[in-house]
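Next come the chains, spelled out residue by residue.
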Amino acid sequence: WRMHQYGLTMSIDKNTNPVIISLDAVIAMTDISRRTWWRRIEKGNVTKLPADARGRTMLVFEEIRSSIALQLGDDDVEMLILADGGDALAQAEAGAMFALVNQNAKKMASPLADSFYKTALYWLELAAAQEQADAMHWLSILHSTCDVDGNSRSLSLMWLARASVSGHAIARAQIEAITAFPRG
């Protein structure tokens, strides 16, 4: 994963410190309702840890891992933990990962495509809220390939324009291409 390229490192030692993730991220990645997760917590099937600094309910990642419909390597888990902690680059990378999985799932007519779409949207919107240009470009791609509500083309163009204004080189070239009308 790219975090190593940017000098970001995170050491996960599952034996001494469990990897933790917020309930919000778990809901987004599993497409399982908040109510269902709370029932699992109340039954003791999932360990609820103390809230983080933002007041979010935290869970042990390994206890929820099998509920994510995607095989995740250790690098993927590190990325998701950084993303859940608010790192905009990691959020954009997580969103891109789920967007690509969504595209493959759609090609195979998988019933999981909608879930991957929602997960990609979750991470990409978090990153875009922090003005992360790659996330905005991925939102443009995601909306151009998934017409969920009839507004997808408009949303795709909006995100493309925002990515361009935020300095994304590919988005800028795409905007120039679609607006290159003869002037005179």
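Report follows, based on the coordinates.

Considering the packing of aromatic side chains
- Evaluation of the coordinates by the stated rule reveals two aromatic pairs.
- Ring centres of Phe98 and Phe116 lie 6.3 Å apart, and the angle between their planes is 35°; on these two criteria the pair is classed as tilted. Placement of Phe98 in helix α5 (residues 88–107) and of Phe116 in helix α6 (residues 113–128) is noted, with a sequence separation of 18 residues between them. We note that Phe98, like Phe116, is buried.
- Note on Tyr122 and Trp123: the rings are 4.9 Å apart at their centroids and 75° apart in plane angle, and the pair reads as edge-to-face.
- A relative accessible area of 23% means that Tyr122 is categorised as partly exposed.
- Sitting over the face of the ring of Trp37, Arg40 holds its NZ or CZ atom 4.7 Å from the ring centroid.

Quick notes on the packing of helix α1 (residues 23–30) against helix α2 (residues 34–43)
- Two elements in contact, α1 and α2, have axes whose closest approach is 10 Å; the angle formed by their N-to-C orientations is 120°. Judged by the inter-axis angle, α1 sits oblique to α2. The two elements α1 and α2 meet at a crossing, and its hand is right-handed. Contacts between α1 and α2 pair Leu23, Asp24, Val26, Ile27 and Thr30 from the former with Arg34, Trp37 and Trp38 from the latter.

Concerning the nonpolar core
- Among the nonpolar cores identified, the biggest contains 48 residues, and Phe61, Ile64 and Phe98 are the most heavily contacted of them.
- Secondary-structure elements contributing two or more residues to this core are α1, α2, α3 (61–64), α4 (74–84), α5, α6, α7 (133–145) and α8 (152–165).
- Element by element, the count of residues in this core is highest for α6, at nine residues.
- When residues no more than four places from it in sequence are discounted, the contact partners of Phe98 are Met29, Leu70, Leu80, Phe116, Thr119, Ala120 and Trp123.

Parameters at a glance
- Residues numbered from 1 in each chain as written.
- Predicted model: local features only at pLDDT ≥ 70, side-chain atom pairs only at ≥ 80, totals over all residues.
- Heavy atoms only, no water.
- Phe/Tyr/Trp six-rings, centres within 6.5 Å; stacked < 30°, edge-to-face > 60°.
- Helix = DSSP H or I, 4+ residues; strand = E, 2+ residues; numbered from the N terminus.
- Buried < 20%, exposed > 50% of the residue type's maximum accessible area, 1.4 Å probe, protein only.
- Lys NZ or Arg CZ within 6 Å of the ring centre and 35° of its normal.
- Axes fitted to C-alpha atoms, helices over the stretch in contact; angles between N-to-C directions.
- Parallel < 35°, antiparallel > 145°, perpendicular 65-115°, else oblique.
- Left-handed = near helix turned anticlockwise from the far one by under 90°.
- Contact = heavy atoms within 4.5 Å.
- Core = buried A, V, L, I, M, F, W, Y, C linked by side-chain atoms within 4.5 Å.

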